[in-house]
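Letter by letter, the chains look like this.
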Amino acid sequence: MVRISNNLVGILNFITFLLSIPIIAGGVWLSRQGTSECERFLDKPVIALGAFLMIVSLAGLIGACCRVSWLLWVYLLVMFLLILLLTCFTIFAFVVTNKGAGEVVSGRGYKEYRLGDYSSWLQKRVNSDKNWNKIRSCLEESKVCKSLIDDGNTPRDEFYNKHLSAIQSGCCKPSSDCGFTYVTPTNWTKTPTTSNNPDCTAWDSNQNTLCYNCQSCKAGLLDNIKSDWKKVAILNVVFLVFLIIVYSIGCCAFRNNRAENSWKRYP
Ligand SMILES: *[C@@H]1O[C@H](CO)[C@@H](O)[C@H](O)[C@H]1NC(C)=O
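Computed from a prediction, not measured in an experiment: that's the story for all the values here.

A separate point is the overall build of the chain. Across its full length, the chain carries ten helices and four strands. Along the chain direction, N to C, the helices and strands of the chain fall in the order α-α-α-β-β-α-α-α-α-α-β-β-α-α. What you see for the chain is a C-alpha radius of gyration of 26 Å, clearly larger than the 18 Å of a compact globule of 267 residues, by over 25%. Taken along its principal axes, the extent of the C-alpha atoms in the chain is 95 × 35 × 30 Å. Looking at the chain as a whole, 39% of its 267 residues qualify as buried. In the chain, the proportion of contacts linking residues at least 24 apart, taken out of those at least 6 apart, comes to 66%. Surface summary for the chain: the accessible area is close to 15,200 Å², and the carbon and sulfur share equals 65%. Charge-centre separation for the chain: the mean point of 28 positive side chains lies 13 Å from the mean point of 19 negative side chains.

In structure tokens, the structure reads:
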């Protein structure tokens, strides 16, 4: 019984140690390769996560196998903090992604998105100019809007019945309440409008402008983030259960180490 928990902690940490190698390699690859804004804002967190995982699992591995009590103690402390942090983040993610959804527009196959519908914490993030400029150039570089006009000119009625992703609906076309005239999915003639929606003035048929500065574009992005975070939060719950099990086994190993050490010290 004494050795089982030590061996189990050793094996589990060896697995996470092996796992951290491809994560770090992936991060380094991203930073070498990343010429676009989209990739560049991902590489650092990925490398940090990989390095963190590597150090923690090394501490657990050596601590459990070589019976180094203080290393195992550090390992358990870090694990405890990780569980605490992950729990807070998971609860936060569920709260933040609770609000907001696309709105059905009559006569259209796509939904439209309003920034005000989403949690105010998320709104603040995209309303910061620094953040938004990065995201914006990332959206421009990606082919989200270009893909709408790739298959020739869509007739108006066909486009109105189309399903669009949240980002396409928010960023590539003007809001329906502006009442602009359809030419192509990303080219709408501005007409005098009674709508006081600020997005109507933000719209331009220029392919580099489109609705990238619209509130609806930020809302479309938040809708994406919302569903991504929800998936991450659910995955986190599973991961948390796993961590708590590993932590409990780790605690056993730590107790065993101490018991064994004191046995050796006071025969
Ligand atoms: C949009 O369509 C109009 C009318 O066909 C055309 O004159 C204009 O050049 C187009 N604008 C862009 C940016 O493609």
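Turning next to the domain arrangement of the chain. Frequently, the measure chosen for interface size is the accessible area removed from exposure when the parts meet. Looking at the assigned domains, one finds that the chain contains domain 1 (2–98 + 229–265) and domain 2 (103–221). Put simply, the middle of domain 1 and the middle of domain 2, counted by C-alpha atoms, are 41 Å apart.

In the structure shown here, the tally under the stated rule is five salt bridges. Across the pair Asp157 and Arg156 runs a salt bridge whose closest N-O atoms are separated by 3.6 Å.

Moving on: a nonpolar patch on the surface. Among the surface-exposed residues, Trp70, Trp73, Val74, Leu77, Phe80, Leu81 and Leu84 lie close enough to one another that they form a single nonpolar patch of about 720 Å² accessible area. Checked against the element boundaries, Leu84 lands in helix α3 (residues 69–96). Looking at Leu84, the relative accessible area reads 46%, which means it is partly exposed.

Our focus in this paragraph is unusual backbone geometry. Backbone geometry places Arg67, a non-glycine residue, at a positive phi of 55 degrees. Locating Arg67 in the fold gives a position in the loop between α2 (37–65) and α3. Phi angles above zero are rare outside glycine, and Leu210 is one such case at about 40 degrees. Of note, Leu210 is situated in the loop between α9 (199–202) and α10 (215–265). Owing to a relative accessible area of 0%, Leu210 belongs among the buried residues under this scheme.

Close to the ligand lie Val183, Asn187 and Ser205. Side-chain polar atom of Asn187 to an oxygen atom of the ligand: 2.3 Å apart, as the coordinates give it.

What follows covers the side chain of Ser57. Residue position: Ser57 is located in helix α2. At 3.5 Å, the side chain of Ser57 and the backbone nitrogen of Phe17 are in polar contact. Beyond its immediate stretch of four places on either side in the chain, Ser57 contacts Asn13, Thr16 and Phe17.

Position of Ile23 relative to the elements: it lies in helix α1 (residues 2–33). Through-space distance from the C-alpha of Ile23 to that of Leu210 is 37 Å; in sequence the pair is 187 residues apart. If near-sequence neighbours (up to four positions away) are discounted, Ile23 is found in contact with Val46, Gly50 and Leu53.

The pairing of strand β3 (residues 181–184) with strand β4 (residues 187–189) spans three bridges and is classified as antiparallel. Within β4, the residue paired with Thr184 across the bridge is Asn187. What sits between the antiparallel neighbours β3 and β4 is a turn of two residues.

Turning our attention to the packing of aromatic side chains. Tallied over the entire structure, the rule returns twelve aromatic pairs. With 6.4 Å between their ring centres and 55 degrees between their planes, Phe92 and Trp229 make a pair best called tilted. In this pair, Phe92 is assigned in helix α3 and Trp229 in helix α10, connecting sequence segments 137 residues apart. The structure contains a cluster of three or more aromatic residues connected by ring pairs, namely Tyr110, Phe159, Tyr160, Tyr182 and Trp188. One Lys or Arg, Arg108, reaches over the ring of Tyr160 and ends 3.7 Å from the middle of that ring. The ring centre of Trp121 lies 4.6 Å from the NZ or CZ of Arg125, which sits over that ring.

Here is what the cut-offs are and how they apply
- Residues numbered from 1 in each chain as written.
- Predicted model: local features only at pLDDT ≥ 70, side-chain atom pairs only at ≥ 80, totals over all residues.
- Heavy atoms only, no water.
- Helix = DSSP H or I, 4+ residues; strand = E, 2+ residues; numbered from the N terminus.
- Rg over C-alpha atoms; globule rule 2.2 N^0.38 Å.
- Buried < 20%, exposed > 50% of the residue type's maximum accessible area, 1.4 Å probe, protein only.
- Contact = heavy atoms within 4.5 Å.
- Areas by Shrake-Rupley, 256 points an atom, 1.4 Å probe, with all protein chains shown as cover.
- Lys, Arg positive; Asp, Glu negative; His and termini not counted.
- Charge placed at Lys NZ, Arg CZ, Asp CG, Glu CD.
- Domains from an automatic or database assignment.
- Salt bridge = Lys/Arg side-chain N within 4 Å of Asp/Glu carboxyl O.
- Patch = residues over 30% accessible without salt bridge, like charges linked within 9 Å, V, L, I, M, F, W, Y side chains within 5 Å.
- Near = heavy atom within 4 Å.
- Polar contact = N/O pair within 3.5 Å; in protein donor to acceptor, adjacent residues only side chain to side chain.
- Pairing = 2+ DSSP bridges.
- Phe/Tyr/Trp six-rings, centres within 6.5 Å; stacked < 30°, edge-to-face > 60°.
- Lys NZ or Arg CZ within 6 Å of the ring centre and 35° of its normal.

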